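Tertiary structure, described
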Amino acid sequence: MGETTKAHHAARIYSTLSDGASAARSAVAASWSRSVTQYGLDPDQHRPPHRLDSAAFNQAFARTERLVRLAQPTLDRLFETVGDAGCCVLLTDRDGVPLDRRGAAGDDADFLDLGLWTGMVWSEASEGTNGVGTCLAEGRALTIHRDQHFHARNTALSCTVAPIYDAEGRLVATLDVSTCRADLTPTMLRLIATAANEAAHGIEARHFRETFSHARVMLGPDLG
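Below is a summary of the structure that appears in this document. (Residues numbered from 1 in each chain as written. Predicted model: local features only at pLDDT ≥ 70, side-chain atom pairs only at ≥ 80, totals over all residues. Heavy atoms only, no water.)

**Here's the deal with the overall build of the protein chain**
The following threshold applies: Under the DSSP-based scheme used, a helix requires at least four consecutive residues in state H or I and a strand at least two consecutive residues in state E, with every element numbered from the N terminus. Radius of gyration here is computed from C-alpha atoms only, and the compact-globule reference equals 2.2 Å multiplied by the residue count raised to the power 0.38. In this scheme, a residue with accessible area under 20% of its type's maximum is buried, one over 50% is exposed, and one in between is partly exposed, where area comes from a 1.4 Å probe on protein chains only. All accessible-area figures derive from a Shrake-Rupley calculation using a 1.4 Å probe, and residue coverage is judged against the displayed protein chains alone. Asp and Glu are treated as the negative residues and Lys and Arg as the positive ones, with His and the ends of the chain left uncounted. To locate a charge, the coordinates of NZ of Lys, CZ of Arg, CG of Asp or CD of Glu are taken.
Within the protein chain, the secondary structure is distributed over 8 helices and 5 strands. Start at the N end of the protein chain and walk to the C end: the helices and strands fall as α-α-α-α-β-β-α-α-α-β-β-β-α. In summary, the protein chain has a C-alpha radius of gyration of 18 Å against a globular reference of 17 Å for 224 residues, a match within 12%. The principal-axis extent of the C-alpha atoms belonging to the protein chain is close to 60 × 40 × 35 Å. Expressed as a percentage of the 224 residues in the protein chain, the buried residues total 46%. With the model as given, the accessible surface of the protein chain reaches about 11200 Å², and the carbon-plus-sulfur share is 53%. Taking the 22 positively charged and 28 negatively charged side chains of the protein chain as two groups, their mean positions are separated by 4 Å.

Next comes the structure, spelled out in structure tokens:
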């Protein structure tokens, strides 16, 4: 993204926020507002996402290791579904730190440069509006598509994220599918969102069954 385009992105954010009612009308504008007023972030900030050192990452991984282990086959299947579309898959903890990922070797250098890697911090407080951080802030599945991101350096990304809740209903992780492709159609984004949501629900179900492995679990009819 050129300097002129970056400046335009920042100007668009501040112009949107100058309308005091914008945050009430748009979830993205509400997140932009949090990015500026609560976190004091600048959309022109050029630094890459903060990366945890090895000790901090190991502690974060240990807190969520059980879920990461349970998620392995689901991550593999999800990447088989979306990998050919130039996507990577990230499983993050409740603080927005990717603990595991799937990606094509040929894309790894680009994704690493963008911060889509284990140990990076993608909380909303750190990165402003972004798929992982905003999903955690709002507790819902969402897509942050390109210039909906807060930081100008993230506007090449399209990030579709689903929350993962544990057996006690606590938001403990997210499942993110991200891509740099500029040619994604609305139909493709919907398909990616469906795949991510189904995968997240599968991880939740597996976690629930293991948590209550001592009990008999009865499933009711699907009324959907």
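**Some words on helix H3 (residues 27-38)**
We count it as follows: By this rule, a helix spans an expected 1.5 Å times one less than how many residues it contains. Any N or O atom pair separated by 3.5 Å or less is treated as a polar contact, with the protein-specific requirement of one donor-capable and one acceptor-capable atom, and with residues adjacent in sequence counted only for side-chain atom pairs.
Taking 1.5 Å of rise per residue, 12 residues should cover 16 Å, and H3 covers 15 Å from first to last C-alpha, within 8% of that figure. All of the buried residues in H3 are Val28, Ala29, Ala30, Ser31, Trp32, Arg34 and Ser35. Here H3 starts with a cap whose side-chain oxygen sits 3.3 Å from the backbone nitrogen of valine 28, and that cap is serine 26.

**Some points on the layout of surface pockets**
Test applied: With a 1 Å grid laid over protein atoms only, a set of points is called a cavity when a 1.4 Å probe fits there but cannot get out and a pocket when it is open yet has protein on both sides within 12 Å along at least five of seven lines; lining residues have an atom within 4 Å of a point. Grid points are joined across faces, edges and corners, and a volume is the space filled by probe spheres set on the points. Residues were grouped as follows: Ala, Val, Leu, Ile, Met, Phe, Trp, Tyr, Cys and Pro as nonpolar; Asp, Glu, Lys and Arg as charged; and all remaining residues, including Gly, as polar.
One number sums up the size of the largest pocket: a volume of about 300 Å³. Surrounding the largest pocket, 16 residues form its lining, Arg63, Thr64, Arg94, Asp166 and Val172 being those nearest its centre. Secondary structure elements with two or more residues in the lining of the largest pocket: helix H4 (54-82), strand E4 (158-165) and strand E5 (171-179). Counting residues per element, the lining of the largest pocket draws most heavily on H4, which supplies 6 residues. Grouping the constituent residues of the lining of the largest pocket by class yields 6 nonpolar, 2 polar and 8 charged.

**Concerning the pattern of salt bridges**
Here is the rule: We define a salt bridge as a contact between a side-chain nitrogen of Lys or Arg and a carboxyl oxygen of Asp or Glu at a distance within 4 Å.
Summed over the entire model, instances satisfying the criterion amount to 15 salt bridges. For aspartate 76, the salt bridge goes to arginine 102, with nearest N and O atoms at 2.7 Å. Placement of aspartate 76 in helix H4 and of arginine 102 in strand E2 (residues 98-102) is noted, with a sequence separation of 26 residues between them. When salt bridges with common partners are traced through the structure, they connect Arg34, Glu124, Glu138 and Arg140 into a single cluster.

**Structural notes on the sheet that holds E5**
Where we set the bar: Pairing between two strands is assigned when DSSP locates at least 2 bridges connecting them. Axis lines are fitted to C-alpha atoms, over the contacting stretch for helices. Their N-to-C directions set the angle, which ranges from 0 to 180 degrees. Contact between two residues is taken to exist if any of their heavy atoms lie within 4.5 Å; hydrogens are not considered.
The antiparallel open sheet is built from 5 strands, whose spatial order is E2-E1-E5-E4-E3. Of all the strands in the sheet, just E2 and strand E3 (142-145) have a single pairing partner and so form its edges. On average, each strand axis in the sheet is inclined to that of its neighbour by 20°, with strand direction left out of account. Where E4 lies against E5, 8 bridges are found, and the strand directions are antiparallel. Residue pairing across strands places proline 163 opposite threonine 174, the latter belonging to E5. Taken strand by strand, helix H8 (residues 186-211) contacts strand E1 (87-93), E3, E4 and E5, and its axis lies near 20° from that of E4.

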